[in-house]
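So the chains spell out like this:
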Amino acid sequence: EDQVTQSPEALRLQEGESSSLNCSYTVSGLRGLFWYRQDPGKGPEFLFTLYSAGEEKEKERLKATLTKKESFLHITAPKPEDSATYLCAVQHMNSGYSTLTFGKGTMLLVSP
Amino acid sequence: DAGVTQSPTHLIKTRGQQVTLRCSPKSGHDTVSWYQQALGQGPQFIFQYYEEEERQRGNFPDRFSGHQFPNYSSELNVNALLLGDSALYLCASRGASGGNTIYFGEGSWLTVV
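Given the structure is predicted, the values throughout are model-derived calculations rather than measurements.

Parameters and conventions
Residues numbered from 1 in each chain as written. Chains lettered and ligands numbered in written order. Predicted model: local features only at pLDDT ≥ 70, side-chain atom pairs only at ≥ 80, totals over all residues. Heavy atoms only, no water. Helix = DSSP H or I, 4+ residues; strand = E, 2+ residues; numbered from the N terminus. Rg over C-alpha atoms; globule rule 2.2 N^0.38 Å. Buried < 20%, exposed > 50% of the residue type's maximum accessible area, 1.4 Å probe, protein only. Contact = heavy atoms within 4.5 Å. Areas by Shrake-Rupley, 256 points an atom, 1.4 Å probe, with all protein chains shown as cover. Lys, Arg positive; Asp, Glu negative; His and termini not counted. Charge placed at Lys NZ, Arg CZ, Asp CG, Glu CD. Core = buried A, V, L, I, M, F, W, Y, C linked by side-chain atoms within 4.5 Å. Phe/Tyr/Trp six-rings, centres within 6.5 Å; stacked < 30°, edge-to-face > 60°. Pairing = 2+ DSSP bridges. Axes fitted to C-alpha atoms, helices over the stretch in contact; angles between N-to-C directions.

Student: Can you walk me through the overall build of chain B in this structure?
Tutor: Each helix and strand counted, chain B has 0 helices and 11 strands in total. Each helix and strand of chain B, ordered N terminal to C terminal, gives the series β-β-β-β-β-β-β-β-β-β-β. Radius of gyration (C-alpha) of chain B: 13 Å, near the 13 Å computed for a compact globule of 113 residues. Principal-axis analysis of the C-alpha atoms places the extent of chain B at approximately 40 × 25 × 20 Å. For chain B, the proportion of its 113 residues judged to be buried stands at 50%. Counted over contacts in chain B with a minimum sequence separation of 6, partners at least 24 positions apart contribute 52%. For chain B, the computed accessible surface area is about 5,400 Å², with 48% contributed by carbon and sulfur atoms. Seen as two clouds, the 8 positive and the 10 negative side-chain charges of chain B have centres 7 Å apart.

Right, here's the structure in full:
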């Protein structure tokens, strides 16, 4: 059974204080690993998809990396508007393309 | 270009009642999936529809059913509502021509009292 564990559950940063969020996964065949951002009461907003170990993708202050067992979402010099819950999800090789297994998320709060 | 749209945004139902939630996929997308997100949890896969048929199903009882229409829009039906069905219901869409990106709607908040 696919499993996704995100840590920490919650993270509080000062504006400009860089940090990383962790996503550990267990899947017998990984097709893709997804990162989403979710604001309170809203649907998840797509950030990145990673496919193979060593791959990196960047978007503004965010950079996602992937190894064979975990993924990191690095946040460089965060701003208050980066405050949100960040969700990680895996897509199994043998499941439908739309079938994602999510972790519980990391709630990030960036204070000015 | 409209993204994934869902209706209604909020609704309150009584235990034992039935509810229907609606979803229109992003333009050009033909595959729709539904997820349930309880408070403080990640979304859980319910089922996926493609070419008007249920193609994949998660670990949800038969009280949860769905439908996809020829225009690719979809409905999620839940019968015999339980208090534990209270959650945010998310619709996601994907199109073969759009690569592997899966887009979510804003969700429908269901409260069962």
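Student: Before we go on, may I ask you to explain the overall build of chain A in this structure?
Tutor: The helix and strand inventory of chain A stands at 0 helices and 11 strands. Taking 2.2 N^0.38 as the reference for a compact globule, 112 residues should give roughly 13 Å; the C-alpha atoms of chain A span a radius of gyration of 13 Å, in line with that estimate. Of all intrachain contacts in chain A linking residues separated by at least 6 positions in sequence, the fraction that spans at least 24 positions is 55%. Here chain A has roughly 5,500 Å² of accessible surface; of this, 49% comes from carbon and sulfur atoms.

Student: Help me understand the nonpolar core in this model?
Tutor: In a soluble, globular protein the nonpolar side chains are often hidden away together inside. Residues and elements named next belong to chain A. In terms of nonpolar packing, the biggest core is built from 24 residues, with Y25, L33, W35, L73 and Y86 touching the most fellow members. Contributing elements (two or more residues each) for this core: β2 (10-14), β3 (19-26), β4 (30-38), β5 (45-50), β7 (62-66), β8 (70-75), β9 (84-92) and β11 (106-111). Broken down by element, this core gets its largest block of residues, 4 residues, from β9. Setting aside its immediate chain neighbours within four residues, Y25 contacts Q3, V4, L30, L33, L66, T67, K68, K69, E70, S71 and V90.

Student: Looking at this model, I keep getting lost on the packing of aromatic side chains. Mind explaining?
Tutor: Each aromatic ring pair is characterised by the separation of its centres together with the angle its planes make. The tally for this structure, following the rule as stated, stands at 12 aromatic pairs over all chains. Between A:Y36 and A:F46, the ring centres sit 5.9 Å apart and the planes meet at 75°, which makes this aromatic pair edge-to-face. Within this pair, whereas A:Y36 is found in strand β4, its partner A:F46 is found in strand β5, the two being separated by 10 residues in sequence. A:F46 shares its class with A:Y36; the two are buried. Taking the centre distance of 6.0 Å and the plane angle of 75° together, the rings of A:F102 and B:F104 count as edge-to-face. One end of the pair, A:F102, is in strand β10 (residues 100-102); the other, B:F104, is in strand β10 (residues 103-104), on a second chain. Taken together through their ring pairs, the aromatic side chains of A:F34, A:Y36, A:F46, A:F102, B:Y35, B:F45, B:Y103 and B:F104 make up a single cluster.

Student: Whenever I open this one, the sheet that holds strand β1 (residues 5-7) of chain B confuses me. Can you help?
Tutor: Strand pairing in a sheet relies on backbone hydrogen bonds. The paired strands run either parallel or antiparallel. Residues and elements named next belong to chain B. If you trace the 4 strands from one edge of the open sheet to the other, you get β1-β3-β8-β7, paired in antiparallel fashion. Sheet topology places β1 and β7 (64-68) at the edges, where each strand pairs with a single neighbour. Each strand axis lies, on average, 20° off the axis of its neighbour in the sheet, ignoring direction. The pairing of β1 with strand β3 (residues 19-24) spans 3 bridges and is classified as antiparallel. Bridge assignment links Q6 to a residue of β3, and that residue is C23.

Student: When you look at unusual backbone geometry in this model, what are you seeing that I'm missing?
Tutor: Where the residue is not glycine, phi is negative for most of them; where a peptide bond is considered, it is trans in most cases. A cis amide bond links A:S7 with the next residue in sequence, A:P8, at an omega value of -10°. Inspection of the secondary structure assignment puts A:P8 in the loop between β1 (3-7) and β2. At the junction of B:S7 and B:P8, the peptide bond is cis and its omega measures out at -10° in the coordinates. Inspection of the secondary structure puts B:P8 in the loop between β1 and β2 (10-13). For A:E60, which is not a glycine, the phi torsion comes out positive at approximately 55°. Structurally, A:E60 is set in the loop between β6 (56-59) and β7.

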